[in-house]
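Chain by chain, the residues run as shown.
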Amino acid sequence: MKQTIVLGILMVMSLSFYSCQEKESSSLSSGGAQKHPVHLSMGGYTTAKFSPMNFIIPSAYAAVSDLKFCFKRLRFKRDLPDGQVDSTNDNVDLELGEKVISDLGTDLGTVSVPADTYKRIEFDLEPGCDGVATNSVSLVNDSGSFNSTSTITIKFEGTFIVSGEENLELGTQNILDAANAFDGMGGQSLKEALEAVSGNL
C-alpha cells in the first residue's frame, strides 16, 4: 500500500516538473522570445569642410552645419526567407524628442528587443514628437536652411543579431551624404532625399 502511494506521489511530481519545463521553453519560443536591452547610437560622420581650394574649385557637396531629427518610433525588422514580409507588431515608441545629430555620434538610449536576427531598422521622424511644434527634420547646410513637417522614415540595413545585451552603432554616412547634397532644387523634397538612401547596421 505504501509503495503504491509513494509511486503515485512520484508520478504527480514528475508530471508537474514536465509541465513547468514546457511552459518555460514555450515562453522563449519565437512567439514570446526573451527580450534583451539594446543600446542604440548613431555613429559619427564626415562632411565637406572649408578648404582654400573651394575658391578655385567649388565643393561638390554642401557641408551640414546643423541637423535635427524628431524621433517618434522605431521598428526592428526580422531576417525572413526571401519573399516573406515581416508583419509583426514591432513598433517601439521612443521618448527621445528632437535630437541634434552630431558628427561625433549621437546617443539614442536603450530599448528592449526580442532575441532574433534582424536585417533592417526603421525610425519614424514626425513633427511635434516631443509635444511641441517642431519639424520632423531641420537641416542647415551650405545651400541654406531646410525643414520638413512630413513623416519621414530613415532606414538602416545589414544584419544585427540580438542574443543578449547588445550595443548597436548605426552607420549614418549615407544619410548625411544625402543631407549634404540636398539643395531644394530639382523638385525633390527633403523627405524623398532622406528616404532614398539607407544607413548601415
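If you're wondering where the values come from, they're calculated on a predicted model, not measured in any experiment.

Student: I'd love a proper account of the overall build of the protein, names of residues and values included.
Tutor: A count of helical and extended segments in the protein gives three helices and 10 strands. Of all 201 residues assigned to the protein, the portion counted as buried reaches 34%. Expressed as a percentage of contacts within the protein between residues at least 6 apart in sequence, the contacts between residues at least 24 apart total 78%. When the accessible surface of the protein is split by element, carbon and sulfur atoms take 54% of a total near 11800 Å².

Student: Which residues make up the confidence of the model for the protein, and what values do they have?
Tutor: Residues at a pLDDT of 70 or more form 70% of the protein, whose mean pLDDT is 78. Across the protein, helix α3 (residues 190-195) holds the top mean pLDDT of 95, while helix α1 (residues 2-27) sits lowest at 45. Low confidence marks residues 12-30, where pLDDT is under 50. Its contacts with residues over four positions away, or in another chain, come to four contacts.

Student: Go over the packing of aromatic side chains, please, and point to the residues and values.
Tutor: Applying the stated criterion across every chain yields a total of five aromatic pairs. Measuring from ring centre to ring centre gives 5.9 Å for F123 and F156, while their planes differ by 85 degrees; the resulting arrangement is edge-to-face. Placement of the pair is F123 in strand β5 (residues 116-125) and F156 in strand β8 (residues 152-162), with a sequence separation of 33 residues. The class for F156 is buried, based on a relative accessible area of 0%. Each member of the aromatic cluster is reached from another via a ring pair, and the members are F69, F71, F123 and F156.

Reading guide: rules and limits
- Residues numbered from 1 in each chain as written.
- Predicted model: local features only at pLDDT ≥ 70, side-chain atom pairs only at ≥ 80, totals over all residues.
- Heavy atoms only, no water.
- Helix = DSSP H or I, 4+ residues; strand = E, 2+ residues; numbered from the N terminus.
- Buried < 20%, exposed > 50% of the residue type's maximum accessible area, 1.4 Å probe, protein only.
- Contact = heavy atoms within 4.5 Å.
- Areas by Shrake-Rupley, 256 points an atom, 1.4 Å probe, with all protein chains shown as cover.
- pLDDT = per-residue confidence, 0-100.
- Phe/Tyr/Trp six-rings, centres within 6.5 Å; stacked < 30°, edge-to-face > 60°.

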